[in-house]
Amino acid sequence: MDHSAFYDESIKNPEGFWKQQAESLDWKIAPSRILESSQNGSHNWFADGQLNMSYLCIDKHIENGYGDQVAIYYDSPVTQQKEQITFDKLYDEVSRFAGGLVKLGLQQGDTALIYMPMIPQAIYAMLACARIGVIHSVVFGGFAPHELAIRIDDCKPKVILTASNGVEIEKIVPYKPFVDEAMELANFKPKSVVVFDRKLGVEIPHKAYDIDYDELLAKAPKAKAVVLSSTHPLYILYTSGTTGTPKGIVRDTGGYATALKFSMKYVYGADEGDVYWAASDVGWVVGHSYIVYGPLLNRNSTVLFEGKPIRTPDASTFWRVISEYGVKIMFTAPTAIRAIKKEDPEGALLKQYDLSCLKYQFLAGERCDVATLTWTKEKLQVPVIDHWWQTESGWPMLANMVGVELQDVKPGSASFPVCGYDIRIIDEDGESCKPNQEGYVLVKLPLPPGCLLDVWNNTERFVSGYLQKFPGYYFSGDGGYIDEDGYVFITGRVDDIINVAGHRLSTAEMEEVVASNKAVAECAVFGVHCELKGQKPLGLAVLKSGVTVGETELSQEIVKEVRHEIGAVASFKDLLVVKRLPKTRSGKILRKLLRNIADKDEYQIPSTIDDVAIIDEIENVYQKNNIGIFKTKQHE
Ligand code: COA
Ligand code: AMP
């Protein structure tokens, strides 16, 4: 199929294009109203259509005779467990879990929070909620109780669904105790906590609100999939914004199902029945879309991998999984490849396995450096596709749509806009940028199906964050440019969000924690280059006068506080004490300058800076702590 004709059709005639794509789903009531403006300034898709996501991911395949096909390959090198879960078994688990939730009093429109490691019960929980119209909100396991509590207070879940523990390489992560702590911290008190005991030999304290997962399911009747409106929220997924509080991205049902089904075929080139593996976590959008809903909708066998690219047990684990389950399409973050490459630069471990099943390797979650892309291509000998998207979009916005037509790969570029996304590069004044000129990456409205409906409980934040800056466009928060051949290059965030090992984090949240230490007068947290994780956070603190605490002691204390308040996932390990911070004359801290100095980037000292001598002080501190030194500098 010709890619440009297909893409052009999606932009010229979005209603006709997506109406046709929606026909690939089994709707209970097919939509007649395709695209409508929504009150918040965005759009709704398929407003009068009715369907159920859990039905489409499970029951439909059984009705079509695929009950004995493997739906989930669960592979856990950290607990030495493997399980092949068929669609029949998935039906049994999910419908009984849903029945159990109904018995607990959950009804359509209620919310439930899921805080679980990478175990099948996490997928059962998501699909059980979807089955009865309960809106789930999955929280990534690397977040601390305080972050969990913020989300509990925002989405007010009737129940929390959790497990006794997680396992990070060989460390036991206390999931249930974290939930207990969050329950104390939160103002809103969920009615019960359903606990799946993994029986890992660790004692977990019991609370009055606990419900044992096995007991709940043993007595639960199987629940049927309820028929839901297309715009019924399937889930809320919190993501980092530019303020200290995360925002709850709200996803619909019908638009999302249409977009995912479309993307499995046309973006990833997956045929029904193929094995598809996204090596991410159910707590991130990649996990929602491409571990759970996308592959299961498309009757693919999905791999649920509870491990890391290295050390579980070594850098061959990805290749073992691909060959063991016959993975055709694999998706991971560049960080994971960098970790493997560091351990096994020649790719010797890869040669132990027959990887002939693998057709495409997809990468996303962060900027993919050319060296990583080239290494992967050379070792795997398959097309390596960098593609760009975000929690808000829910599915790729830029990609090489291999299911339509494989285009030449340009390293460094995530290729072309995906059908439905009218991507524009616009400058500060709202003017279109010329080829190769960097600007803001925007999407002309309407967004295609599957993108965010709103921000939970905060339409104002939705409007101000995404729609207000450039009226008529969705503002992605990323910068980039389009080259003379139409390839789009994403250069990074234009705000204070950083990307650490493919995990999106807010520096504003970290700054709040650092600033709350009683010794700190003011501070700045920003992302600096990291060989492995792409970026890592660095904090600079100015102490209150009279504070006598030692620098190392204070630094360790603050690192511990960030870990306690935000979680291990923040990877906040470096806090340096400085005498003062560079600011503009109006008092704004120059974070970008601080970052550029650390990254050894070329930088200009802004003419607005209040005191140029501070730069030398900062350079000295960086040098002393091996953070990196400047290459060139010049005055404006
Ligand atoms: N539950 C609890 N803790 C978690 C966690 C989870 N689900 N995931 C990560 N953590 C903890 C880790 O144990 C680690 O804690 P530590 O500081 O005590 O060691 C911390 O959070 C940072 O984790 P991570 O960023 O994973 O770093 P790492 O050094 O353990 O591993 C990599 C490095 C590169 C192997 C790892 O980051 C990786 O696999 N990256 C790929 C990322 C990815 O798939 N991203 C998804 C986006 S598509
Ligand atoms: P998240 O919402 O966690 O998926 O993070 C989305 C952000 O990650 C985007 O806004 C980008 O900044 C970054 N990102 C994701 N994929 C890519 C990519 N392929 N290239 C560059 N940046 C990416």
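Residues numbered from 1 in each chain as written. Chains lettered and ligands numbered in written order. Predicted model: local features only at pLDDT ≥ 70, side-chain atom pairs only at ≥ 80, totals over all residues. Heavy atoms only, no water.

### Some words on the overall build of the chain
Part 1 of the reasoning: The secondary structure content of the chain amounts to 18 helices and 34 strands.
Part 2 of the reasoning: Computed over its C-alpha atoms, the radius of gyration of the chain comes to 24 Å, within 12% of the 26 Å expected for a compact globule of 636 residues.
Part 3 of the reasoning: By its C-alpha atoms, the chain is 75 × 60 × 55 Å across when sized along the principal axes.
Part 4 of the reasoning: Across the 636 residues in the chain, those meeting the buried criterion constitute 61%.
Part 5 of the reasoning: Approximately 24800 Å² of the chain is accessible, and the part contributed by carbon and sulfur atoms is 48%.
Part 6 of the reasoning: In the chain, 67 side chains carry a positive charge and 84 a negative one; their mean positions are 2 Å apart. (Helix = DSSP H or I, 4+ residues; strand = E, 2+ residues; numbered from the N terminus. Rg over C-alpha atoms; globule rule 2.2 N^0.38 Å. Buried < 20%, exposed > 50% of the residue type's maximum accessible area, 1.4 Å probe, protein only. Areas by Shrake-Rupley, 256 points an atom, 1.4 Å probe, with all protein chains shown as cover. Lys, Arg positive; Asp, Glu negative; His and termini not counted. Charge placed at Lys NZ, Arg CZ, Asp CG, Glu CD.)

### Some points on the pairing of strand β4 (residues 70–76)
Part 1 of the reasoning: In terms of burial, β4 is largely enclosed, as seven of its seven residues are buried.
Part 2 of the reasoning: Sheet topology places β4 next to strand β5 (residues 81–86); six bridges connect them, and they run antiparallel. Bridge pairing in β5 places D75 opposite K82.
Part 3 of the reasoning: Counting the residues that bridge the hairpin from β4 to β5 gives four residues, and of these Q80 lies at a positive phi of roughly 55°.
Part 4 of the reasoning: The pairing of β4 with strand β17 (residues 301–305) spans four bridges and is parallel. Bridge pairing links Y74 to L304 in β17. (Pairing = 2+ DSSP bridges.)

### Observations regarding the site of ligand 1
Part 1 of the reasoning: Around ligand 1, 24 residues are found, and the nearest of them are E168, K171, K308, K533 and R563.
Part 2 of the reasoning: One of the side-chain nitrogen or oxygen atoms of E168 is found 2.8 Å away from an oxygen atom of ligand 1.
Part 3 of the reasoning: At 2.7 Å, a side-chain N or O of K308 approaches an oxygen atom of ligand 1.
Part 4 of the reasoning: Relative to its free-state accessible area of 940 Å², ligand 1 is covered by the protein chains to the extent of 86%.
Part 5 of the reasoning: In terms of residue class, the shell around ligand 1 is made up of 10 nonpolar, seven polar and seven charged. (Near = heavy atom within 4 Å. Polar contact = N/O pair within 3.5 Å; in protein donor to acceptor, adjacent residues only side chain to side chain. Nonpolar A, V, L, I, M, F, W, Y, C, P; charged D, E, K, R; others polar.)

### So, the sheet that holds strand β20 (residues 384–386)
Part 1 of the reasoning: Read from one edge of the open sheet, seven strands run β5-β4-β17-β16-β18-β19-β20, paired in mixed fashion. Each end of this open sheet is capped by a strand with a single partner; those strands are β5 and β20. Sheet twist, expressed as the mean angle between neighbouring strand axes with direction ignored, is 20°.
Part 2 of the reasoning: With three bridges connecting them, strand β19 (residues 360–363) and β20 associate as parallel partners. (Axes fitted to C-alpha atoms, helices over the stretch in contact; angles between N-to-C directions.)

### Describing the pattern of salt bridges
Pairing between side chains of opposite charge can happen when their charged atoms approach one another.
Part 1 of the reasoning: The final tally for this structure, using the stated rule, is 35 salt bridges.
Part 2 of the reasoning: In this structure, E23 and K19 form a salt bridge, with 3.6 Å as the shortest nitrogen-oxygen distance.
Part 3 of the reasoning: For R504, the salt bridge is made with E392, and the minimal N-O distance between the two is 2.9 Å. Of this pair, R504 sits in strand β29 (residues 503–506) while E392 sits in the loop between β20 and β21 (398–399), placing them 112 residues apart in sequence.
Part 4 of the reasoning: A residue is classified by how much of its surface remains accessible, and E392, at 2% relative accessible area, is buried. (Salt bridge = Lys/Arg side-chain N within 4 Å of Asp/Glu carboxyl O.)

### A word on unusual backbone geometry
Most of the time, phi is negative for any residue but glycine, and the peptide bond is trans.
Part 1 of the reasoning: Residue P313 follows T312 across a cis peptide bond; omega there is 0°.
Part 2 of the reasoning: Residue position: P313 is located in the loop between β17 and α11 (317–325).
Part 3 of the reasoning: Of note, the amide linkage connecting L445 to P446 takes the cis form, showing an omega dihedral of 5°.
Part 4 of the reasoning: Following the sequence through the fold, P446 ends up in the loop between β24 (439–444) and β25 (454–455).
Part 5 of the reasoning: The phi torsion at N457 lies on the positive side, around 65°, for a residue other than glycine.
Part 6 of the reasoning: With respect to the element layout, N457 can be found in the loop between β25 and α14 (459–467).
Part 7 of the reasoning: The residue A501 is not glycine, and still its phi comes out positive at about 55°.
Part 8 of the reasoning: For A501, the position within the fold is in the loop between β28 (497–500) and β29.
Part 9 of the reasoning: For A501, a relative accessible area of 17% puts it in the buried group.

### A look at the confidence of the model for the chain
Part 1 of the reasoning: Per-chain confidence: the chain averages 95 in pLDDT, with 99% of residues scoring 70 or above.
Part 2 of the reasoning: Within the model, the stretch residues 630–636 combines pLDDT values under 50 with 19 contacts to residues more than four positions away or in other chains. (pLDDT = per-residue confidence, 0-100. Contact = heavy atoms within 4.5 Å.)

### Focus on the site of ligand 2
Part 1 of the reasoning: If you check the shell around ligand 2, you find 15 residues, and the closest are D386, H387, T391, D478 and R504.
Part 2 of the reasoning: One of the backbone N or O atoms of E366 is found 3.4 Å from a nitrogen atom in ligand 2.
Part 3 of the reasoning: Between a nitrogen atom of ligand 2 and a main-chain N or O atom of H387, the distance comes to 2.7 Å.
Part 4 of the reasoning: Protein contacts shield 93% of the accessible area of ligand 2, which totals 500 Å² for the unbound molecule.
Part 5 of the reasoning: Looking at the shell around ligand 2, its residues break down into four nonpolar, five polar and six charged.

### What about the packing of helix α1 (residues 3–12) against helix α2 (residues 14–22)?
Part 1 of the reasoning: Taken N-terminus to C-terminus, the directions of α1 and α2 make an angle of 110°; their axes are 5 Å apart at the nearest point. When the axes of α1 and α2 are compared, the pair comes out roughly perpendicular. Between α1, through F6, E9, S10, I11 and K12, and α2, the contact on the second element is made entirely by P14, F17 and Q21.
Part 2 of the reasoning: Tallied by class, the residues present in the contact of α1 with α2 amount to four nonpolar, two polar and two charged. (Parallel < 35°, antiparallel > 145°, perpendicular 65-115°, else oblique.)

### Some thoughts on the environment of A508
Part 1 of the reasoning: Inspection of the secondary structure assignment puts A508 in helix α15 (residues 507–515).
Part 2 of the reasoning: Ignoring any residue separated from it by four or fewer positions in sequence, one finds A508 in contact with T242, T243 and G244.

### Looking at the side chain of T376
Part 1 of the reasoning: The topology assignment puts T376 in helix α13 (residues 370–380).
Part 2 of the reasoning: Residues within four places of T376 in sequence aside, it is in contact with I337, Q361, Q381 and V384.

### With respect to the nonpolar core
Part 1 of the reasoning: Core analysis: the largest hydrophobic core is formed by 115 residues, its most contacted members being L90, F97 and Y293.
Part 2 of the reasoning: Here this core takes 10 residues from helix α5 (residues 120–132), the largest share from any one element.
Part 3 of the reasoning: If you look at the next biggest cluster of nonpolar residues, it comprises 45 residues, including M183, V520, V562 and V577. (Core = buried A, V, L, I, M, F, W, Y, C linked by side-chain atoms within 4.5 Å.)

### Re the pairing of β19
Part 1 of the reasoning: Residues of β19 alternate between two faces, with Y360 and F362 on one and Q361 and L363 on the opposite face, all of them buried.
Part 2 of the reasoning: Bridging between strand β18 (residues 329–332) and β19 involves four bridges; their strand directions are parallel. Across the sheet, the residue bridging to M330 is Q361, located in β19.
Part 3 of the reasoning: In this fold, β18 hands off to helix α12 (residues 334–343), which returns the chain to β19; that crossover is right-handed.
Part 4 of the reasoning: What joins β19 to β20 is α13, and the crossover it makes is right-handed. (Right-handed = clockwise from strand over helix to strand, strands pointing away.)

### Quick look at α1
Part 1 of the reasoning: Burial in α1 covers these residues: H3, F6, Y7 and S10. Burial along α1 is one-sided: seen end-on, the buried residues are contained in an arc of 95°.
Part 2 of the reasoning: Lining the buried residues of α1 we find α2, α9 (254–266), β22 (416–417) and β23 (422–426). (Arc of directions from axis to C-beta.)

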